[in-house]
Amino acid sequence: MMERKSITKKLKLMVAAIEFGAIRSGYGCLTKEDYEKKDISKIKLPIWEGKLSFKAPTSVLFRPNKIFHSFGFDAEKHYYENYYNVDFKEWYFFQHLNMKSYIDKGALTKNTIIEDSMKDGHRMKAVDVFAAIIKYFKDRFLTNIYTEYSFNNYVHWVITVPAFWDLKAKAFMKVAAEKAGISGDQLTLISEPEAALLCCSVSVETTTTDGGKAIAEMQIGSQYIILNSGGATTDITVYEVTGPKMLKEIHQTCVCHFGGNTVTTEFVKFLTTLLGGPTVKEMHDKHPFEYFELMSSFEHKKTFFDVHKDSMVTIRLPFAWKEVFEANTDETIEKALLSSPYNRTVYINRDRLRISNELFRKFFDYSINNVLRVLDELFRKPAIINITALLAVGTDFELSVLINAIEQKCPNLTVIGPKDPDLAVLKGAVLYGFEPYTFTKMVWGNLEDTLRGLGLDNVIDLQDVFNENYQKSFWNRVYLVGPCSVGKSCLAKILVGEPVPTTRKSTDGIWIYMGKAGMNLDKMEWVFFPKGNAITEVLTNMLMSMSTYEEGCNVDDGLCDVPLDEITQTNETVKFEESTEPIQISRKVKSATVDDDVDTDETSHTMKDQQLPEEGSSDIDLADHIHKNNSLKNQKQKDTSQIEKNKAKKQNVKVVSDNSECEWMNEITSNMSPDKIHELIVKAVQEGKYKQRIVPIDIWDFGGQKDYYMTHQLFITSRGIFVLMFNGSIGLHQHMPGLNFLPGNFGKPTVAVYLLHWVNSILTYCKRTDDGFPKIIFVATHKDERWFQWTQEARRKQLENELQLLFETHGGLNHLEFKPLIFVDATNPDDAEIADLRERIMQRATEHPRWGEAMPTRWIPLELQLAQKSAEGTHIISYDQLLVLNATNESMILSERQLAAF
Ligand SMILES: Nc1nc2c(ncn2[C@@H]2O[C@H](COP(=O)(O)OP(=O)(O)OP(=O)(O)O)[C@@H](O)[C@H]2O)c(=O)[nH]1
Ligand SMILES: [Mg+2]
């Protein structure tokens, strides 16, 4: 959905704009008369007293009782100069206002409280802090500059906001302005890159770095990358000129945390290496004035640093630094310098710290390298690949260093730098007050913001992730396995919060319960979804996974900067509308359509059961096994690409499946196209589902009868937790005539034989890890049997000992959990040990090595198809049908190995 956002304003006699930066802010104004002369050099920008600067630090000081005291240089000066003689305990001092973290949390509202910069953090409402600053600008403007316009009505105000500000944050700014006496109809907000582009589009001053053409005449169809290097962040946005005074954002802003403050951070690191951590800390904590003096001197040099000069950079080093250093080390700085790594690049003479240009340039490396990396990533995107012009503006450090690096890295890119890059945003904002410009951009309701919360830039990225990327998988699968009639189905019902069946019905194949239970990660609680919607669950899991996918990555990377715990602070609860029936997978259906080599294979395969595979054996064997068992013999296709191979497989499956089955498959898969799935995902994003902290748990209830054992092997994967159940009221070695002989086992069937068989099967078909995964949790049932002769505790001990004897020499002992043994009445939902089991399952799930693992998003279609089936009611799926389902996914087809792992 594309929506046009047109902003037209009534012309005013005067426009005043405020550029509200995290680190530095300023304001400027232009009369209508001057605007009509098309002379933007007439924009008036006040010079901040004695500083030769058009901007002031975004620092504000409040007296006790939150009464405004001063702003900018005045605020910093008053605070630091009086630090030793005024008690600031009751004051509020905000030095710089970086609100990014609040916006990421979706927490910037009129009630947001922020902490000031003092050591013990005083708290104020953010809106009051912002309102005080806006009011200060407004009063200063009205009294000092244009008293004749003091009739506020003639002035239209424009305030800039960072590109990453969401709608909530913009509403917040409007409230702050209103509090400062600027009413809604007098105010327009503009995002920084839009303002910068506007400035450059009309500014005759704008020239390229090679002294060439201006972009004042922007051709329709031309596209520009706008790089706005600020104090806290560097934002990169891409626009296309779509008509006269019409711009379209074609790539949403990448917000990178590599602004000018990272250069300062590098300088502090340098000081720490040079003078030692204790000295720097002591200066910061006990001598803030001298600390601030040094930093201010550095900031000044940073702003005017010229990469091409060969000389040294001189910074004033207040004497207190030397004194503290000498007190801490019993050495003079000058002497210590001789043995430091900076021996030849740094000189200290009295209160002069001199740093070689080359070393000073290195302070910019971190910021520049990261910006180059982000640009590099951007240029890989199809929409950007052909763009040849980059417009660089900046509000913090001298852009020449960055521009120089970009030009070297991208020689084909024309880098355009306006004359005063520091003022482009502010001037553009002033012009915007007059210009009836139209910005066209993608508007997806809140989708835009939520996508950013997922670390994505736009919907195209979402599609990219969906097609090629990986998601962090938190899917939690519990396999209930064991001999027949031990209570697996009863326990499954209890685990998903359904009534226990009163009549016995042996499970035919495998029953999968999806979207019925989950775990609340915050409370580590097992939750039921009485009206489950498995489709929603699949999507939720995917979105949640995406929102946490980069959790561990560098937080400085603006493309992936939203940790899970920051974006998921919500009380939203899961809403489900449809009821979900379990899916049933049955081998019986298959037997009608598949050739007869199953038994042969089954026997040969289960012969393996008596010995454990080599450590590290994986699901690959299973894939081969599936291949054989399902007659997918398309040898000719072997050398073709994977997709062709799978297409061939699809045809093969069609041959072995009967027509009605194919029709049925078509029916259920026809509306699960990538587009449809994409649409569902977009819907789920819009509904904020990814914010849920509930991980779905699906329960796979395996039929215990021998006929299904072949099927089971196909569905066992290391992706789950195994609950191995047996009837605890029966002796482990007692002959059980009711149990079938197991293939490959020639002794009489006993519980012990079955337990061994399951342990071996699981460990054969799952990839094993050193820390004992897959875990197999033993659960004994029937603790309530009336004829029970033992006390429960004695019986538990006895079973534990027997299990110990049975498995003590087994190679997979570290996978088995039977001490303490969970002993339950599988028909009693209130059994406390079933609650223990739930807890154990949740615990193991989070410890599982595959918890949070990167899974290809290619899984999603298949999971959705299963989920869709589940939502439609009970169906029976054979393995062939699963293959057909998968084969219909065309572009997202899974390889056999992937399918096996699924
Ligand atoms: N008294 C008692 N009866 C149980 C217990 N667990 C299961 N049952 C009964 O045993 C019978 C079989 O239970 P199911 O849950 O169907 O067993 P299952 O393991 O799913 O069996 P298959 O599907 O054939 O593999 C049912 O009649 C249950 O009521 C238990 O702990 N105590
Ligand atoms: Mg059952």
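Residues numbered from 1 in each chain as written. Chains lettered and ligands numbered in written order. Predicted model: local features only at pLDDT ≥ 70, side-chain atom pairs only at ≥ 80, totals over all residues. Heavy atoms only, no water.

## Here's the deal with the overall build of the chain
Moving on, step 1. Of regular secondary structure, the chain possesses 33 helices and 32 strands.
Moving on, step 2. Counting over 902 residues, the chain shows a buried share of 60%.
Moving on, step 3. Counting contacts in the chain only where the partners sit at least 6 residues apart, residues at least 24 apart contribute 74% of the total.
Moving on, step 4. If you sum the accessible surface of the chain, you get close to 37300 Å²; carbon and sulfur atoms cover 50% of it. (Helix = DSSP H or I, 4+ residues; strand = E, 2+ residues; numbered from the N terminus. Buried < 20%, exposed > 50% of the residue type's maximum accessible area, 1.4 Å probe, protein only. Contact = heavy atoms within 4.5 Å. Areas by Shrake-Rupley, 256 points an atom, 1.4 Å probe, with all protein chains shown as cover.)

## Quick word on the pairing of strand E28 (residues 720-727)
Moving on, step 1. Where burial is concerned, most of E28 is hidden: 8 out of the 8 residues are buried.
Moving on, step 2. In E28, alternate side chains face the same way, and those of Gly720, Phe722, Leu724 and Phe726 on one face and Ile721, Val723, Met725 and Asn727 on the other are all buried.
Moving on, step 3. Inspection of the sheet shows strand E23 (residues 476-481) paired to E28 by 5 bridges, in the parallel sense. The partner of Tyr479 across the bridge, within E28, is Phe722.
Moving on, step 4. One ladder, built from 6 bridges, connects E28 with strand E29 (residues 776-781); its direction is parallel. Counterpart to Asn727 in the pairing with E29 is Thr781. (Pairing = 2+ DSSP bridges.)

## As for the environment of Phe364
Moving on, step 1. Examined against the element boundaries, Phe364 turns out to sit in the loop between helix H12 (357-362) and helix H13 (365-379).
Moving on, step 2. Here the alpha-carbon distance between Phe364 and Lys302, two residues 62 residues apart in the chain, equals 9.2 Å.

## Thoughts on helix H14 (residues 400-409)
Moving on, step 1. Among the residues of H14, those classed as buried are Val401, Leu402, Ile403, Asn404, Ala405 and Ile406.
Moving on, step 2. Elements in contact with the buried residues of H14: strand E13 (223-229), H12, H13, strand E19 (389-394) and strand E20 (414-417).

## Let's talk about unusual backbone geometry
Moving on, step 1. Note that the residue after Phe773, namely Pro774, is joined by a cis bond; omega there is 5°.
Moving on, step 2. Following the sequence through the fold, Pro774 ends up in the loop between helix H28 (751-765) and E29.
Moving on, step 3. Phi at His96 takes a positive value of approximately 75°, unusual for a residue other than glycine.
Moving on, step 4. With respect to the helices and strands, His96 occurs in the loop between strand E7 (92-95) and helix H3 (100-104).

## With respect to the site of ligand 1
Moving on, step 1. Taken together, 20 residues lie around ligand 1, and Ser506, Thr507, Gly704, Asp784 and Ala826 are the ones closest in.
Moving on, step 2. Within the contact set of ligand 1, an oxygen atom lies 2.8 Å away from a backbone nitrogen or oxygen of Ser485.
Moving on, step 3. The separation between an oxygen atom of ligand 1 and a polar side-chain atom of Arg504 is 3.0 Å.
Moving on, step 4. Summarising the interface, the protein chains cover 86% of the accessible area of ligand 1, which totals 650 Å² for the free molecule.
Moving on, step 5. Looking at the shell around ligand 1 residue by residue, the class counts come to 5 nonpolar, 10 polar and 5 charged. (Near = heavy atom within 4 Å. Polar contact = N/O pair within 3.5 Å; in protein donor to acceptor, adjacent residues only side chain to side chain. Nonpolar A, V, L, I, M, F, W, Y, C, P; charged D, E, K, R; others polar.)

## Things to note about the environment of Lys179
Moving on, step 1. Mapped onto the elements of the fold, Lys179 is located in helix H5 (residues 167-179).
Moving on, step 2. It is 7.9 Å that separates the C-alpha atoms of Lys179 and Asp128, two residues lying 51 residues apart in sequence.
Moving on, step 3. Beyond its immediate chain neighbours, meaning those up to four positions away, Lys179 contacts Val127, Asp128 and Ala131.

## With respect to the sheet that holds strand E4 (residues 56-57)
Moving on, step 1. Ordered by their spatial adjacency, 5 strands build an open sheet running E4-E3-E2-E10-E11, and the pairing between neighbours is mixed. The strands lining the two open edges of the sheet, one partner per strand, are E4 and strand E11 (187-191).
Moving on, step 2. Sheet topology note: the strand E10 (residues 155-161)/E11 ladder contains 5 bridges and is parallel. Across the sheet, residue Trp157 finds its bridge partner in E11, namely Leu187.

## Concerning the pattern of salt bridges
Moving on, step 1. Summed over the entire model, instances satisfying the criterion amount to 26 salt bridges.
Moving on, step 2. We note a salt bridge from Glu377 to Arg373, for which the minimum N-O separation is 2.9 Å. Of the two residues, Glu377 and Arg373 both sit in helix H13, 4 residues apart, roughly one turn of that helix.
Moving on, step 3. Note that Glu833 and Lys783 form a salt bridge whose closest N and O atoms lie 3.1 Å from each other. Here Glu833, found in helix H30 (residues 832-847), pairs with Lys783, found in the loop between E29 and helix H29 (792-807); they are 50 residues apart in sequence, far enough to count as distant. A single burial state applies to Glu833 and to Lys783, both of which are buried. (Salt bridge = Lys/Arg side-chain N within 4 Å of Asp/Glu carboxyl O.)

## Details of the sheet that holds strand E16 (residues 312-316)
Moving on, step 1. Across the sheet, 3 strands lie side by side as E16-E18-E17; this open sheet has antiparallel pairing. Strands at the two margins of the open sheet, each flanked by one partner only, are E16 and strand E17 (346-349). Within the sheet, the average angular offset between the axes of one strand and its neighbour, ignoring direction, is 20°.
Moving on, step 2. Bridge analysis of E17 against strand E18 (residues 352-356) gives 4 bridges, and the strand direction is antiparallel. By the bridge assignment for E18, Val346 is matched with Ile355.
Moving on, step 3. Where helix H7 (residues 260-275) meets the sheet, its contacts fall on E16, E17 and E18, and the angle it forms with E18 comes to roughly 110°. (Axes fitted to C-alpha atoms, helices over the stretch in contact; angles between N-to-C directions.)

## A closer look at the packing of aromatic side chains
Moving on, step 1. A full pass over the atoms with the stated rule returns 39 aromatic pairs.
Moving on, step 2. Centroid distance Phe360 to Phe363: 5.4 Å. Interplanar angle 65°. Geometry classified as edge-to-face. For the pair shown, Phe360 and Phe363 are each scored as buried.
Moving on, step 3. With 5.7 Å between their ring centres and 70° between their planes, Phe778 and Phe807 make a pair best called edge-to-face. Remark: Phe807 occurs in helix H29 and Phe778 occurs in strand E29; sequence separation between them is 29 residues. By the burial criterion, Phe778 is buried, and Phe807 matches it.
Moving on, step 4. One aromatic cluster is present, built from ring pairs that chain together Tyr79, Tyr80, Tyr83, Tyr84, Phe88, Trp91, Phe93 and Phe292.
Moving on, step 5. Across from the ring centre of Phe773, 5.4 Å away, lies the NZ or CZ of Lys775, which sits over that ring. (Phe/Tyr/Trp six-rings, centres within 6.5 Å; stacked < 30°, edge-to-face > 60°. Lys NZ or Arg CZ within 6 Å of the ring centre and 35° of its normal.)

## Considerations on the confidence of the model for the chain
Low pLDDT marks regions whose predicted coordinates should not be analysed in detail.
Moving on, step 1. For the chain, the mean per-residue pLDDT works out to 70, and 61% of the residues sit at or above 70.
Moving on, step 2. When mean pLDDT is taken per element in the chain, E29 scores highest with 97 and helix H20 (residues 564-567) scores lowest with 25.
Moving on, step 3. Throughout residues 688-692 the model reports pLDDT below 50, and contacts reaching past four residues in sequence, or to other chains, amount to 21 contacts. (pLDDT = per-residue confidence, 0-100.)

## Some words on H5
Residues separated by three or four positions in an α-helix point in the same direction, a consequence of the helix having 3.6 residues per turn.
Moving on, step 1. For H5, built from 13 residues, the straight-helix expectation of 18 Å at 1.5 Å per residue is met to within 8% by its first-to-last C-alpha distance of 19 Å.
Moving on, step 2. Where H5 is concerned, the buried positions are Ala169, Phe172, Met173, Ala176 and Ala177. An end-on view of H5 places all buried positions within 135° of arc, on one side of the element. (Expected span 1.5 Å × (residues − 1). Arc of directions from axis to C-beta.)

## Brief notes about the nonpolar core
Moving on, step 1. Counting residues in hydrophobic clusters, the biggest one holds 59 residues, and the most contacted among them are Phe267, Phe270 and Ile406.
Moving on, step 2. At 7 residues, H13 tops the list of elements feeding residues into this core.
Moving on, step 3. Those residues in contact with Ile406, other than ones at most four positions away along the chain, are Leu227, Leu372, Leu375, Leu390, Leu413 and Val415.
Moving on, step 4. Core analysis: the second largest hydrophobic core is formed by 45 residues, Ala16, Ala131, Ile134 and Ala180 among them. (Core = buried A, V, L, I, M, F, W, Y, C linked by side-chain atoms within 4.5 Å.)

## Considering the packing of H7 against helix H8 (residues 277-286)
Moving on, step 1. Running from N to C, H7 and H8 cross one another at 120°; their axes reach a closest spacing of 6 Å. It follows that H7 is oblique to H8 by the angle criterion. Of the residues in H8, those touching H7 at Val268, Leu271, Thr272 and Leu275 are Gly277, Thr279 and Val280.
Moving on, step 2. The residue makeup of the contact of H7 with H8, split by class, is 4 nonpolar, 3 polar and no charged. (Parallel < 35°, antiparallel > 145°, perpendicular 65-115°, else oblique.)

## Observations concerning the packing of helix H18 (residues 488-495) against H30
Moving on, step 1. Axis separation between H18 and H30 bottoms out at 11 Å; the angle between their running directions is 75°. It follows that H18 is roughly perpendicular to H30 by the angle criterion. Contacts from Leu491, Ile494 and Leu495 in H18 reach Ile834, Leu837 and Arg838 in H30.
Moving on, step 2. When its residues are assigned to classes, the contact of H18 with H30 shows 5 nonpolar, no polar and 1 charged.

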